[in-house]
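Architecture at a glance
Residues per chain, in single letters:
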Amino acid sequence: MEIINYEALSHCIRDAVRAELQEHFKKGNSPPRKDEERLLSKKELAEELKVSLVTVTDWMKKGLPFLRLHKRVYFKMSEVLAIMQQKIKN
């Protein structure tokens, strides 16, 4: 006597997972795209560029692009590098 039909159980699990994933993506919780860039904190940027936090703050006052989320400041490394390359060329 077979209590569980494994094929039916497999289809049931697959359908349930598919439904949950569709609901997850409808809510806007999509996985990060490969072309999305991780945001760096001020400390992480300073460590990455091997400069002090004071230097990063000074650069911000001089136009270094940054994002403010609540009280925190973040940077996109690609934007930072682009502005630095522009400054070198000028």
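Residues numbered from 1 in each chain as written. Predicted model: local features only at pLDDT ≥ 70, side-chain atom pairs only at ≥ 80, totals over all residues. Heavy atoms only, no water.

**Looking at the sheet that holds strand 1 (residues 39-41)**
The condition that has to hold: Pairs of strands are assigned from DSSP output, requiring at least two bridges between the strands. Helix numbering and strand numbering both begin at the N terminus, where a helix is a DSSP run of H or I of at least 4 residues and a strand a DSSP run of E of at least 2. The axes are straight lines fitted to the C-alpha atoms, using for helices just the contacting stretch, and the angles between their N-to-C directions are given from 0 to 180°.
A sheet is described by the order of its strands in space; here three strands give the open sequence 1-3-2, paired in antiparallel fashion. Each edge of the open sheet carries a strand with a single partner, namely strand 1 and strand 2 (67-69). Shown here is a sheet whose adjacent strand axes are inclined to one another by a mean of 40°, direction ignored. Here strand 1 pairs with strand 3 (residues 72-76) via three bridges, running antiparallel. In the strand pairing of strand 3, L40 is matched with F75.

**Focus: unusual backbone geometry**
Its identity is not glycine, yet K50 carries a phi of approximately 60°, on the positive side. Residue placement: K50 occurs in the loop between helix 2 (42-49) and helix 3 (53-61). Its identity is not glycine, yet H70 carries a phi of approximately 60°, on the positive side.

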